[in-house]
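Results of the structural survey
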There are 2 protein chains.
Amino acid sequence: MSRVRHDRLDCSPGCAVEAALQFIDGKWKGVILYHLLDGTLRFNEIRRRLPGVTPRMLTNQLRELEADGFLARKVFAEVPPKVEYSLTGRGRSLEPVIAALKAWGDAHADFAPKPYADAAA
Amino acid sequence: MSRVRHDRLDCSPGCAVEAALQFIDGKWKGVILYHLLDGTLRFNEIRRRLPGVTPRMLTNQLRELEADGFLARKVFAEVPPKVEYSLTGRGRSLEPVIAALKAWGDAHADFAPKPYADAAA
DNA sequence: GCGCATAGTGTCGATAAGGATACCGTTATG
DNA sequence: CATAACGGTATCCTTATCGACACTATGCGC
């Protein structure tokens with residue numbers, strides 16, 4: 001997972017946009033972050049919130065998010081393993097972004113498919 | 001380019017986030033949208049603003065954005081071809097999102113760190 | 001005729017992101 | 001003993017995405 005969309009972030013001011021985008025792209029990052037805004041969650045709690053995610057993918061995304069400093073992984077040395085994921089301060093800093101994304105998605109809830117050939121505005 | 005990250009958008013409220021993300025993922029979409037917020041641009045103007053983009057990629061991203069109804073393509077039947085790209089209303093509706101993204105990118109301008117494994121720089 | 005500029009298109013190929021499926025150790029429960 | 005829950009891994013494979021490069025048509029200046 002390189003997630004290096006732009007090795008050269010010299011696209012002028014606009015690259016800040018891409019820089020931010022780098023972190024939340026990845027098929028499940030956005031939703032994961034979103035759900036974590038509500039509070040700490042365990043592996044399988046997240047998993048249940050994301051229908052269709054495979055454990056591999058979830059681990060994957062979680063690890064990337066952790067590596068990027070957005071969330072903290074807390075392992076409890078208990079018998080049924082227990083791992084809690086929670087946002088870090090950096091993770092919370094994404095809140096406005098996630099909020100904007102969600103607001104847009106809700107407003108333009110055209111979850112309906114978009115015909116690729118001819119889209120009317 | 002399917003851009004169908006989630007065929008089932010049933011990840012509860014969080015899917016709105018993903019729904020929005022679908023449209024701006026793609027390596028150059030974010031920046032393109034960003035630059036277009038400043039006003040109408042021609043093909044090569046955009047191209048010059050995105051160092052490293054190949055014409056093929058640019059066309060590609062532009063077409064997707066157009067298909068998604070975010071921008072309008074206006075062709076002038078002139079001799080040196082001239083095509084103008086501008087945001088539609090729907091495109092402008094993304095402004096808060098782009099703004100949030102840019103704000104985050106600017107604030108957390110850690111364009112550098114990310115010791116993922118051993119990021120070669 | 002040559003090369004420039006415009007706005008692309010076509011083909012091919014590399015890579016990386018994502019998906020399927022099975023499996024691990026532990027312990028409590030039936 | 002078998003099963004289930006927990007939090008993952010390992011392996012393999014398919015596909016999307018991206019990138020390089022060449023090529024198109026037209027008219028202009030030289």
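Residues numbered from 1 in each chain as written. Chains lettered and ligands numbered in written order. Predicted model: local features only at pLDDT ≥ 70, side-chain atom pairs only at ≥ 80, totals over all residues. Heavy atoms only, no water.

The name an unreviewed UniProt entry gives chain A is Transcriptional regulator, with Hansschlegelia plantiphila as the organism.

Some thoughts on the protein's contact with DNA strand D
Going by this rule: Being near a molecule or strand, for a residue, means having at least one of its heavy atoms within 4 Å of it. Nitrogen and oxygen atoms within 3.5 Å of one another constitute a polar contact, given that in protein one can donate a hydrogen and the other can accept it, and given that sequence-neighbouring residues count only through two side-chain atoms. The secondary structure listing takes helices from DSSP runs of H or I that are at least 4 residues long and strands from runs of E that are at least 2 residues long, numbered from the N terminus. The classification used treats Ala, Val, Leu, Ile, Met, Phe, Trp, Tyr, Cys and Pro as nonpolar, Asp, Glu, Lys and Arg as charged, and all other residues, Gly among them, as polar.
Taken together, 24 residues form the shell around DNA strand D, and within it A:Arg63, A:Arg73, A:Tyr85, B:Lys27 and B:Val79 come nearest. Within the contact set of DNA strand D, a phosphate oxygen lies 2.7 Å away from a side-chain nitrogen or oxygen of A:Tyr85. Among the elements of the structure, helix 3 (43-49), helix 4 (55-67) and strand 3 (82-87) of chain A together with helix 4 (55-67) of chain B are those that each provide at least two residues to the surface near DNA strand D. If one sorts the elements of the surface near DNA strand D by residue count, helix 4 of chain A sits on top with four residues. In terms of residue class, the surface near DNA strand D is made up of nine nonpolar, six polar and nine charged.

Considerations on the sheet that holds strand 2 (residues 71-76) of chain B
Residue and element names in this part refer to chain B. Here is the rule we go by: When DSSP finds two or more bridges between two strands, those strands count as paired. In this description, contact between two residues means that some pair of their heavy atoms is separated by no more than 4.5 Å. Inter-axis angles, ranging from 0 to 180 degrees, are taken between N-to-C directions of lines fitted to C-alpha atoms, where helices are fitted over the stretch in contact.
The antiparallel open sheet is built from three strands, whose spatial order is 1-3-2. In this open sheet, the two strands that pair with only one neighbour each are strand 1 (41-42) and strand 2. Where strand 2 lies against strand 3 (residues 82-87), six bridges are found, and the strand directions are antiparallel. Residue pairing for strand 3: Leu-71 is matched across the bridge by Leu-87. In the packing of helix 2 (residues 29-36) onto the sheet, contacts are made with strand 1, strand 2 and strand 3, and the angle to strand 3 comes to roughly 90°.

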